Each structure stands twice: as structure tokens, then as C-alpha cells.
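Per-entry structural report
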Amino acid sequence: MAGSLSVCIPTYNYGAYIAEAVRSLAKAPAGAVEIVVLDGGSQDNTSEVMRALEREQSNIRYVRQTNPGGIDRDLARSVELATGEYCWLLSADDALAQGAVERLLRHCADGFDVLLANRVWCDLHMRPIVTQSWLTDTPSDMVFDLRERRQIESYLARARSLGALFSFMSTIGFRRSLWLKTEPPDALAGSNYAHVYRLFAMARQSRRLKYVAEPLILCRSGNDSFATEGLASRLAIDLRGYLKLSQTLFPGDAELQRRFRAVLRREHSWRVWMYAREVTRDRARWRDLEQLLLVYGFSRLQLVAIRLIAIVSRWRRQWLRRGAAT
């Protein structure tokens, strides 16, 4: 079924959440939206949930693979399976806000090649916590021409979060034909961020990147599938991924690479690094993380300060626990 907008949902073992994601699209105008769900061979009840949803909604295309291909491959394949002129990427544990479908269709009708919307950060039960805006000093919609260096510099200076660099897939839409023409380099295979390269490269090919100030997505927290091996490993995924992205997007341009990587430093505050050091007992893993932080502009003195503050904080927590026990 061909619609003007395809919502692409790659999933693996998200049977507890995916019905909410799909049903958030239930009020789409007839024939305007298709829902493409690519299941990487889930071992939970995802297939049963999707079969029931197919009986409820005729615009669902559910494709189940034998094995997961990883987020980079599965996300790309979900777009290949789509038929819409535009695609919107949606995580299986997120949902569109009320009325967001109609707004997305209007933005697509305006002819923009890449769309980036803000989101509402929610708890695990989808209760709203805070609205997150990706750009500073941009309270209304804005169009950027990233073919111009000054526009790239302005955009990166405004970026307060990795969300501005297309990190959070539920907030991104694009013209499908342009995506299919843009291949990520082999260096990004398995990085979990090949889609970021694709989208930023697409935006640099076109003058029509639209930033949508309105929060259109409800994002579920407390369910990060990349965090299964601990906070240090989760942060290293970002550090390695965005280092490779800066080098492949801006080869030979050290200044733009630095500006691009600076967004990650704004994403993760000092408190994040101190807490990560406090809870990371594997010294080799932390040393690997410190080497990456040096590339991102941290000084060795700053790294020593992080270690010392983390030690003091750990001692304080232990002292408080002992006091509570007595």
C-alpha cells in the first residue's frame, strides 16, 4: 500500500511497547500513511502483538527476519521496504504525540528533504517529564542550508544535544529517494550511527533542512538497549560513533570536526562523566574511555579531577549507606 508517508519501525524484543507506537498512528488520514515494522527475529511476543495490530489497522506492513541485522542494517532495510515518498523513523518504544501525524504530513507536503522535530522526554510509563529542544535560541521553525559553511557553523553552534545531529531516530523524517542515493562509508558499519551520516550528508546536499520546534514525539526513557554493558560502554558508543562521523563528514577540515564533536560535550555534562567514573569498576574500560575524551578536548588535568571527584562521591555514598544501616 503506497502512502505519502511511511513510518519505519525497526524492532527487536519490544513486544511490551510496540503496540503503543503503532496505535499512535491510528488516526492518520486514510491512505496517507503506511506503517513498516521490520522485526529482527524477536524472541518475545512481538509477532503475536503485530498480528493482532494487523487485524486492527490495514496500513501495517509487518516483515519478520530470522535474525537481527543490527540497528544500522535493520533501519536501512525498513526504509527499503517502505513505499512512501517520505519516511519517518520511529523507535518501537516511542510514540507520536496527539495530532503529530497531521502535522508531519503538512511538513512533508511543503517539500522539505530532511525534517527534524523536538520531543517530549517521558518516563518508562510514558508520563511526560520535560520537553527537549535540540537547538538553542530557536523557538520557532527554521530552515537551514547546510551546503554553506557559515550555515553549518551556525547550526552546530546552536546544537545543544546530539538530537540536533540526528542521533534520536524517532525525531527524524526525510525524502526517501534522497536516502536511497546516499550510502554511508564502510568505516561506519556497525557503529549504530550510519543513519546519522546519511541524514547529515543528505542535509548537506540539499538546502531544505527544516527544524520543527514543536515537540511531535513522546520518547520513553529507562529503556536504552545500548546500555546493557554499563554506562561507560554506553558513552563509548557515542564517543566512537561521533568521532568517526566527524572524520567522514568533514574529511580534512579539523575545525568543523571539532565543532561537530563539541555537540557531544554539550550533550553529556560533567556530572555524567563523574557518575560514569564512579560506577565503573573496570579500570581498563575507563582508561579506554579517557583516551576518547582526550580526542574530544578534555585535558589530562580535567580527567584527574573527574577521577578524584568520583572517588570522593563514592566514599560519601558508602558512608551514608553505613550510617543508614546503623
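Okay, so let's go over this structure. (Residues numbered from 1 in each chain as written. Predicted model: local features only at pLDDT ≥ 70, side-chain atom pairs only at ≥ 80, totals over all residues. Heavy atoms only, no water.)

Regarding the overall build of the protein
- Across its full length, the protein holds twelve helices and ten strands.
- Scaling as 2.2 N^0.38, a compact globule of 326 residues should have a C-alpha radius of gyration of about 20 Å, and the protein matches this with 21 Å.
- Along the three orthogonal principal directions, the C-alpha set of the protein runs to about 60 × 55 × 35 Å.
- Of the roughly 15400 Å² of accessible surface on the protein, 50% is carried by carbon and sulfur atoms. (Helix = DSSP H or I, 4+ residues; strand = E, 2+ residues; numbered from the N terminus. Rg over C-alpha atoms; globule rule 2.2 N^0.38 Å. Areas by Shrake-Rupley, 256 points an atom, 1.4 Å probe, with all protein chains shown as cover.)

Some remarks on the layout of surface pockets
- Roughly 1400 Å³ of internal volume is contained in the largest pocket.
- Phe 168, Asp 224, Ser 225, Phe 226 and Arg 234 are the residues nearest the centre of the largest pocket, which is lined by 50 residues in total.
- For the lining of the largest pocket, the leading source of residues is helix α8 (residues 231-249), giving four residues.
- Tallied by class, residues from the lining of the largest pocket come to 20 nonpolar, 18 polar and twelve charged.
- Looking at the second largest pocket, its volume works out to about 360 Å³.
- Considering the residues around the second largest pocket, the lining is formed by 21 residues, among which Asp 72, Arg 73, Ala 76, Pro 184 and Ala 194 are closest to the centre.
- Broken down by secondary-structure element, the contributors of at least two residues to the lining of the second largest pocket are α3 (71-81), α6 (176-180) and α7 (194-205).
- Broken down by element, the residue count for the lining of the second largest pocket peaks at six residues, all from α3. (1 Å grid on protein atoms, 1.4 Å probe; cavity = no way out; pocket = protein on both sides within 12 Å on 5 of 7 lines; lining within 4 Å. Points joined across faces, edges and corners; volume = space filled by probe spheres on them. Nonpolar A, V, L, I, M, F, W, Y, C, P; charged D, E, K, R; others polar.)

Concerning the pairing of strand β1 (residues 5-11)
- Within β1, seven of the seven residues are buried, which leaves it mostly tucked inside the rest of the structure.
- Both faces of β1 are covered, namely the face carrying Leu 5, Val 7, Ile 9 and Thr 11 and the face carrying Ser 6, Cys 8 and Pro 10.
- When β1 meets strand β2 (residues 33-39), the two strands line up parallel, connected through seven bridges. Each bridged residue has a counterpart across the sheet, and for Cys 8 the counterpart in β2 is Val 36.
- On the question of chirality, the crossover connecting β1 to the parallel β2 by way of helix α1 (residues 18-23) is right-handed. (Buried < 20%, exposed > 50% of the residue type's maximum accessible area, 1.4 Å probe, protein only. Pairing = 2+ DSSP bridges. Right-handed = clockwise from strand over helix to strand, strands pointing away.)

Remarks on the pattern of salt bridges
- Following the criterion strictly, the structure yields 18 salt bridges and no others.
- Linking Asp 110 and Lys 210 is a salt bridge whose minimum nitrogen-to-oxygen distance equals 3.8 Å. With Asp 110 in the loop between α4 (100-109) and β6 (114-122) and Lys 210 in strand β10 (residues 209-220), the pair connects residues that are 100 residues apart, well separated along the chain.
- Accessibility expressed as a relative area gives 45% for Asp 110, which makes it partly exposed.
- The partner of Arg 234 in a salt bridge is Asp 238, and the shortest N-O contact between them spans 3.1 Å. One end of the pair, Arg 234, and the other, Asp 238, are both in helix α8, four residues apart, so they sit about a helical turn from each other.
- A relative accessible area of 14% places Arg 234 in the buried class.
- Several salt bridges converge on common partners, so that one network encompasses Glu 85, Asp 113 and Arg 175. (Salt bridge = Lys/Arg side-chain N within 4 Å of Asp/Glu carboxyl O.)

Bear in mind that shape data such as this cannot, by itself, settle questions of function.
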